[in-house]
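So you can see what is in the structure, the chains are spelled out below.
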Amino acid sequence: MTLTKDLIDVTSKPFGTVFADKMAVTWFRDDAWQPIQIQEMAPMSFSPATHVFHYASSCFEGLKAHRWADGSVHFFRLNQHIERMQNSASMMCMPIPEADMLEQMIVQGVAACEGWVPEPPGSLYIRPTLIGTMPNIGAAATPSKEACLFVIFSPVGDYFSGGSRPLRILLEDTKMRTSPEMGMIKTGANYASALRLINEARENYNVDQVLFAPGNDVQETGAANFLLINDNEVVTKSLDATFLHGVTRSSLLELAYDLGYRVSERSITVEEVLDWAKTGEAALSGTAAVLAGIGTYIYQGKAYQVGSGQFGPNTQKLRDALLAIQRGELADTRGWTTPLR
Ligand SMILES: *Cc1c(COP(=O)(O)O)cnc(C)c1O
């Protein structure tokens, strides 16, 4: 398969702003999912009374397909992402997409725009999205009986095309990213909930993100999981309903264990985060950036350097190992990757 001729130089465009020319769509009507359609990536039309516009009935996923050296295309942890989408839909009281159907939408969609999958370090970012489409502004406390599920495809470059710049993070030990009941749902509502705090932190402290630690319980940033790393150990918060259970997080933990690190899933306090910074590394994990090193914390108006202030060596090692599996450069012994064909 040759690359699409007009696949623009995605490395020069901001993440998520370039789209392949096809999308997958289905609608939930009369208590049933309609046959899936692969169609042009184009504007869609909705009533201004549509449920999602007023009451935020929505959830989404983010996963990637990678082009391997032989030209073949492979998804990374497709089933985990489908399962999480089903959980999110269920927790948002929305129609739950059938796993086989969503898999077919992703597979047929990528097959239809296969030429849009860039070569490494680029990849195709895949965004399944579910929205409540019932046209009823009186349904504030009623689930949407109708829904639209679509999957769009965005060729992306290396998240760190400007070099692996260490991140600057504000430690927030009082306010919450979202409500504890919503934490593990991948929904736009959680991003809306955290946006004003993150925006203020950017303006006041010039930070990249906010690490939320309400009640001195370090959870995650607005869009990525948090890990403490050193030469021997990887520490991250154990799973509970207050934060998003990242597929990258769990993959990195398995890899770290196999590479000989001690893996600890437990509660982390702000004091421990600052103490760890004296000698260790810290990083954020997520599908988009994979693993990004933290260079500086801001806490109560004061700056704290993390380790050398640079992208740490263990962070780099774990990131490289995961990327090598995603790109087919290291044997996938765990069944994490699935070929498109
Ligand atoms: C998607 C997401 C993550 C990262 O999850 P991955 O599966 O690793 O991409 C972390 N936190 C939040 C809030 C998210 O929405």
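Residues numbered from 1 in each chain as written. Predicted model: local features only at pLDDT ≥ 70, side-chain atom pairs only at ≥ 80, totals over all residues. Heavy atoms only, no water.

(A) Structural detail: the pattern of salt bridges. All told, the structure shown has 16 salt bridges when counted by the stated rule. For Arg 196, the salt bridge identified is with Glu 200, shortest N-O distance 3.4 Å. Taken together, the residues span about one helical turn, with Arg 196 and Glu 200 both in helix H4 (residues 188-205) at a distance of 4 residues. Residue Arg 196 is classed as exposed on the basis of its relative accessible area, which comes to 61%. (Salt bridge = Lys/Arg side-chain N within 4 Å of Asp/Glu carboxyl O. Helix = DSSP H or I, 4+ residues; strand = E, 2+ residues; numbered from the N terminus. Buried < 20%, exposed > 50% of the residue type's maximum accessible area, 1.4 Å probe, protein only.)

(B) Highlighting the packing of aromatic side chains. With the rule as written, the count across this model stands at 6 aromatic pairs. Look at Phe 28 and Trp 33: their rings are 5.0 Å apart centre to centre, the planes differ by 65 degrees, and that puts the pair in the edge-to-face class. The exposure class assigned to Trp 33 is buried, which follows from its relative accessible area of 13%. Taking 5.9 Å as the distance between ring centres and 55 degrees as the angle between the ring planes, the aromatic pair formed by Phe 60 and Tyr 191 counts as tilted. In this pair, Phe 60 sits in strand S4 (residues 58-60) while Tyr 191 sits in helix H4, placing the two residues 131 residues apart along the sequence. A relative accessible area of 12% places Phe 60 in the buried class. Within the aromatic cluster, the residues linked to one another by ring pairs are Trp 27, Phe 46 and Phe 53. Its end group placed over the ring of Trp 336, Arg 334 keeps NZ or CZ at 4.7 Å from the ring centre. (Phe/Tyr/Trp six-rings, centres within 6.5 Å; stacked < 30°, edge-to-face > 60°. Lys NZ or Arg CZ within 6 Å of the ring centre and 35° of its normal.)

(C) Highlighting the pairing of strand S12 (residues 233-236). Taking every second residue as pointing to the same face, both faces of S12 are buried, with Glu 233 and Val 235 on one and Val 234 and Thr 236 on the other. In the sheet, strand S11 (residues 225-229) pairs with S12 via 2 bridges, with the strands oriented antiparallel. Bridge pairing in S12 links Ile 229 to Val 234. Here S11 hands over to S12 after 3 residues, the two strands then running antiparallel side by side. (Pairing = 2+ DSSP bridges.)

(D) Region of the structure containing the site of the ligand. Taken together, 16 residues lie around the ligand, and Lys 186, Tyr 191, Glu 220, Thr 248 and Thr 287 are the ones closest in. Lys 186 places a polar side-chain atom, nitrogen or oxygen, 2.7 Å from an oxygen atom of the ligand. Between the ligand and the protein, one listed contact pairs an oxygen atom with a side-chain N or O atom of Thr 287 at 2.6 Å. In isolation the ligand offers 380 Å² of accessible surface; the protein chains occlude 96% of this area. Put simply, the parts of the chain that give the shell around the ligand at least two residues each are helix H2 (78-91) and helix H5 (247-258). Looking at the shell around the ligand residue by residue, the class counts come to 5 nonpolar, 7 polar and 4 charged. (Near = heavy atom within 4 Å. Polar contact = N/O pair within 3.5 Å; in protein donor to acceptor, adjacent residues only side chain to side chain. Areas by Shrake-Rupley, 256 points an atom, 1.4 Å probe, with all protein chains shown as cover. Nonpolar A, V, L, I, M, F, W, Y, C, P; charged D, E, K, R; others polar.)

(E) Seen up close, the packing of H5 against helix H7 (residues 313-326). Contact geometry of H5 with H7 gives a least axis separation of 10 Å together with a crossing angle of 105 degrees. Judged on the interaxial angle alone, H7 and H5 are roughly perpendicular. In this structure, H5 uses Thr 248, Ser 251, Leu 252, Leu 255 and Ala 256 to contact H7, whose residues at the interface are Leu 318, Ala 321, Leu 322 and Ile 325. Its residues placed into classes, the contact of H5 with H7 shows 7 nonpolar, 2 polar and no charged. (Axes fitted to C-alpha atoms, helices over the stretch in contact; angles between N-to-C directions. Parallel < 35°, antiparallel > 145°, perpendicular 65-115°, else oblique. Contact = heavy atoms within 4.5 Å.)

(F) Looking closely at the environment of Val 18. Turning to its location among the elements, Val 18 is positioned in the segment before strand S1 (22-29). With relative accessibility at 8%, the residue Val 18 sits in the buried group. Distance from Val 18 to Asn 230, taken between C-alpha atoms, is 37 Å for residues 212 residues apart in sequence.

(G) Just H2, in detail. Look at H2: 20 Å from first C-alpha to last across 14 residues, which is about the 20 Å you get at 1.5 Å a residue. When we look at burial in H2, the residues that qualify are Leu 78, His 81, Ile 82, Arg 84, Met 85, Ser 88 and Ala 89. Projected down its long axis, H2 carries its buried residues within an arc of 165 degrees, all on one side. Backbone geometry just downstream of H2 places Cys 93 in the positive-phi region, at approximately 55 degrees. (Expected span 1.5 Å × (residues − 1). Arc of directions from axis to C-beta.)

(H) Up close: the nonpolar core. Ranked by size, the top nonpolar core spans 36 residues in total, and within it Phe 75, Ile 106, Val 110, Ile 126 and Leu 130 carry the most contacts. Among the secondary structure elements, those contributing two or more residues to this core are S1, strand S5 (63-67), strand S6 (73-76), H2, helix H3 (99-112), strand S7 (123-132) and strand S8 (147-156). No other element matches H3, which puts 6 residues into this core. For Phe 75, the residues in contact, after removing those within four places along its chain, are Lys 64, Ala 65, Ile 106, Val 107, Val 110, Ile 126, Trp 336, Thr 337, Thr 338 and Leu 340. Within the second largest apolar cluster, 26 residues are counted, among which are Phe 160, Leu 167, Leu 211 and Val 273. (Core = buried A, V, L, I, M, F, W, Y, C linked by side-chain atoms within 4.5 Å.)

This is a description of form; function is not addressed.
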